[in-house]
Amino acid sequence: MTSIDLNADLGEGFGRWRLTDDERLLSVVTSANVACGFHAGDAVTMRRVCELAAERGVRIGAQVSYRDLAGFGRRSMDVPPAELAAEVAYQIGALEVFARAAGARVAYVKPHGALYNRVVHDEEQAAAVVDGVLLADAALPVLGLPGSRLLELAGKAGLPVVTEAFADRAYTDAGTLVPRTLEGAVVTDPDAVVERSLGLARSGEVVSRSGTRIEVRARSLCLHGDTHGAVELARRVRERLEASGVRVEAFA
């Protein structure tokens, strides 16, 4: 039977401000990418999300990013490699405290936003992220885009690698994500997102922005938690997958 993991970005709040409906999304997804304080999230939020995830058996992942609260981690930054490695390890370590307190652990690492896109092609920044993961825990799986420099270097370093796809993001013909600055970068039609999810899970294919069918083999499917109607959309995606014989389960 075909199986796939469903992950979502959670804990994306700060102080009294909350962006994601963590509790309801945690009833749908199997893996939670928890913001670690650099693009969003704070100590109280991280603790709360870890407790909720542990209660529901959802795997906890560290969503590491550039230090960019004002830009939500979506602005590319030229961070020196040694500094970036230390900051990646710092974020993982902070989340691990709360995961362990909840009776769980950090089960994987996923970069966020600009860092995620940067390490697809930038070898220096990708190597720094890998160094940071190794510093925190040399056995942590790394979640990222198929064919990225990040996953290539992580694999060479002995880290488990997990490929990821996005049902609500447009793809280029090369299999990379269309930048959010371009029109049509985000797929907003719920029916299209549901059908794209099924195609990615069952055949490992998706239609690119130009209309070309491309291969995107992924073990995990990302459902963005900050989009309008995210909870209902995530629920529809999971129901459609399971009704079509796809087993939804965590990879870690």
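Everything that follows concerns the structure shown earlier in this document.
Structural notes, computed from the coordinates.

Basis of the calculations
Residues numbered from 1 in each chain as written. Predicted model: local features only at pLDDT ≥ 70, side-chain atom pairs only at ≥ 80, totals over all residues. Heavy atoms only, no water. Buried < 20%, exposed > 50% of the residue type's maximum accessible area, 1.4 Å probe, protein only. Helix = DSSP H or I, 4+ residues; strand = E, 2+ residues; numbered from the N terminus. Pairing = 2+ DSSP bridges. Right-handed = clockwise from strand over helix to strand, strands pointing away. Axes fitted to C-alpha atoms, helices over the stretch in contact; angles between N-to-C directions. Parallel < 35°, antiparallel > 145°, perpendicular 65-115°, else oblique. Left-handed = near helix turned anticlockwise from the far one by under 90°. Contact = heavy atoms within 4.5 Å. Nonpolar A, V, L, I, M, F, W, Y, C, P; charged D, E, K, R; others polar. Salt bridge = Lys/Arg side-chain N within 4 Å of Asp/Glu carboxyl O.

**Details of the pairing of strand 6 (residues 106-111)**
In terms of burial, strand 6 is largely enclosed, as 6 of its 6 residues are buried. In this structure, strand 5 (residues 59-64) lies alongside strand 6, joined through 5 bridges in parallel fashion. For Ile-60, the partnering residue across the bridge sits in strand 6 and is Val-106. Crossover strand 5 to strand 6 through helix 3 (residues 81-101) is right-handed.

**Overview of the packing of helix 2 (residues 43-56) against helix 3**
Interhelical geometry of helix 2 versus helix 3 gives an angle of 45° and a closest axis separation of 8 Å. Between helix 2 and helix 3, the crossing angle belongs to the class labelled oblique. Our pair here, helix 2 against helix 3, has a crossing hand that is right-handed. Contact residues: Ala-43, Met-46, Arg-47 and Cys-50 in helix 2; Ala-94, Leu-95, Phe-98 and Ala-99 in helix 3. For the contact of helix 2 with helix 3, a count of residues per class yields 7 nonpolar, no polar and 1 charged.

**Remarks on the pattern of salt bridges**
Going through the model one piece at a time under the given rule, you end up with 23 salt bridges. Its salt-bridge partner being Glu-23, residue Arg-56 comes within 3.5 Å of it at the nearest N-O pair. Remark: Glu-23 occurs in helix 1 (residues 22-25) and Arg-56 occurs in helix 2; sequence separation between them is 33 residues. Given a relative accessible area of 33%, Arg-56 falls into the partly exposed group. The partner of Asp-78 in a salt bridge is Arg-118, with the nearest N and O atoms 2.7 Å apart. Of this pair, Asp-78 sits in the loop between strand 5 and helix 3 while Arg-118 is found in helix 4 (residues 113-121), placing the two residues 40 residues apart along the sequence. Each of Glu-123, Arg-149, Glu-152 and Lys-156 takes part in salt bridges that share partners, so that together they form one network.

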